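Listed here are the chains, written in short residue letters.
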Amino acid sequence: MIRTQCKLMFLKRGFQISFSLMFAFAFLYPTFLMLVGHMKGNDISAVPDRIYAYPFCDGATASDVMYFVLPILSFFPFAASFAIDRKLHAYYPLTARGGLRSYFFAKAIACMLGGFIIFFIPLAVNILVNHLLMPQTMRTATGGYMGNNMYEQYAHWVYNAADNPSLQPNWMTKFWVVHPQLTNLLSAALVGCLGAVSSLVCYTSTFFIKKYTHFSVFPMLVLFTAGVMLQGNSEDLTMSWSLIDYVKTGEFCSLSTFPFFWGVCALLVLLCGGILWWKSGQDLLD
């Protein structure tokens, strides 16, 4: 059942379009940012290092709008599949052998897989392209040079250590300095996980939003927007209400409340799983 749903998902035009859009963005963003935004008319040694061509690196403008784009892109791979099956009454032969519960959860797994793939693979390719083609200038986003004491400079920038001298860089900050590209890859995996959860929420929302299924992106849009608004009123530099902050390299390196991200994701998965279990016990689908 899971294999069948995954095959259907890969053949869906929505998956192909969303994957292509994200793939194109992964190639065009470093080209525009580095070749046009930074390198044109400047000494190449003065531009930021290649690690900053990653769109979810700290300070990247692209990450500031992803709280709006991510839920929309995560909807297209497979979230509306049950709504389409329900409209065409195509679920009858699919549930004849495995049952309704297996059918619902197989679609949920396919949705999460599609939401993960459309973000992780293009971002991983972006990191590879940056590593192979972009210059390694050792310039940081703060204008300094990477070195053995770079993490103190970074911590000073993030924590405003002049006002809070007791704050010290955590282990993730040090890891970012020593292995910046691996940190970017970890960020890509986190973006993929967030996309998978968002896709699952969109899929579950179609059980309640039957007529205008595209509106099922609203729950995640509301959640992301509320997080951004709450974070805008917060002065705590070690805590963020915005889930997007936990997938940015510079942000999650400084946050000490990372369990909040996984807690919210786990809560959403459990909530969606409970709804699917409840819906699978109902006799009438329409």
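Each value, and the rule that gives it
Residues numbered from 1 in each chain as written. Predicted model: local features only at pLDDT ≥ 70, side-chain atom pairs only at ≥ 80, totals over all residues. Heavy atoms only, no water. Helix = DSSP H or I, 4+ residues; strand = E, 2+ residues; numbered from the N terminus. Buried < 20%, exposed > 50% of the residue type's maximum accessible area, 1.4 Å probe, protein only. Contact = heavy atoms within 4.5 Å. Areas by Shrake-Rupley, 256 points an atom, 1.4 Å probe, with all protein chains shown as cover. Patch = residues over 30% accessible without salt bridge, like charges linked within 9 Å, V, L, I, M, F, W, Y side chains within 5 Å. Salt bridge = Lys/Arg side-chain N within 4 Å of Asp/Glu carboxyl O. Polar contact = N/O pair within 3.5 Å; in protein donor to acceptor, adjacent residues only side chain to side chain. Phe/Tyr/Trp six-rings, centres within 6.5 Å; stacked < 30°, edge-to-face > 60°. Lys NZ or Arg CZ within 6 Å of the ring centre and 35° of its normal. pLDDT = per-residue confidence, 0-100. Disulfide = S-S within 2.5 Å.

Some points on the overall build of the protein chain
A tally of helices and strands in the protein chain yields 12 helices and zero strands. Order of helices (α) and strands (β) in the protein chain, N terminus to C terminus: α-α-α-α-α-α-α-α-α-α-α-α. For the protein chain, the proportion of its 286 residues judged to be buried stands at 48%. Expressed as a percentage of contacts within the protein chain between residues at least 6 apart in sequence, the contacts between residues at least 24 apart total 74%. For the protein chain, the exposed area adds up to about 14,100 Å²; of that, 67% sits on carbon and sulfur atoms.

Comments concerning a nonpolar patch on the surface
The grouping of Tyr-212, Phe-215, Phe-218 and Val-222 at the surface amounts to a nonpolar patch, some 440 Å² of accessible area in total. Summarising the element assignment, Val-222 is placed in helix H10 (residues 218-232).

Points about the side chain of Ser-74
Its location among the elements puts Ser-74 in helix H3 (residues 66-75). On the basis of relative accessible area, Ser-74 is assigned to the buried category, the value being 0%. Of note is the side chain of Ser-74, whose polar atom sits 2.9 Å from the backbone oxygen of Pro-71. Of the polar contacts made by the side chain of Ser-74, one reaches the side chain of Ser-198; its length is 2.7 Å. In contact with Ser-74, other than residues within four places in its own chain, are Ile-118, Phe-119, Gly-195, Ser-198, Ser-199 and Cys-202.

A word on the packing of aromatic side chains
Scanning the model with the defined rule gives 20 aromatic pairs in all. Measuring from ring centre to ring centre gives 5.7 Å for Tyr-103 and Phe-104, while their planes differ by 40 degrees; the resulting arrangement is tilted. The class of Phe-104 is buried, set by a relative accessible area of 1%. Ring centres of Tyr-246 and Phe-260 lie 6.0 Å apart, and the angle between their planes is 40 degrees; on these two criteria the pair is classed as tilted. Here the residue Tyr-246 occupies a position in the loop between H10 and helix H11 (249-252), and Phe-260 occupies one in helix H12 (residues 258-280), the gap between them amounting to 14 residues. Residue classification places Phe-260 among the partly exposed positions, given a relative accessible area of 25%. Put simply, the rings of Phe-10, Phe-15, Phe-19, Phe-23 and Phe-27 touch in pairs and so form one group of aromatic residues. Its guanidinium or amino end placed over the ring of Trp-277, Arg-101 lies 3.7 Å from that ring's centre, counting from NZ or CZ.

Brief notes about the confidence of the model for the protein chain
When pLDDT is averaged along the protein chain, the result is 76; 69% of the residues meet or exceed 70. Confidence scores differ between elements of the protein chain, with helix H7 (residues 150-159) showing the lowest mean pLDDT of 50 and helix H9 (residues 180-205) the highest of 90. Counting interchain partners and residues more than four positions distant, the pLDDT-below-50 stretch residues 141-152 has 26 contacts.

Details of the state of the cysteines
All told, the structure shown has zero disulfides when counted by the stated rule. Cysteine Cys-202 remains unbridged, with the sulfur of Cys-111 as its closest cysteine sulfur at 8.7 Å. Of all cysteine sulfurs, the one in Cys-202 lies closest to Cys-272, which takes part in no disulfide; the gap is 9.3 Å.

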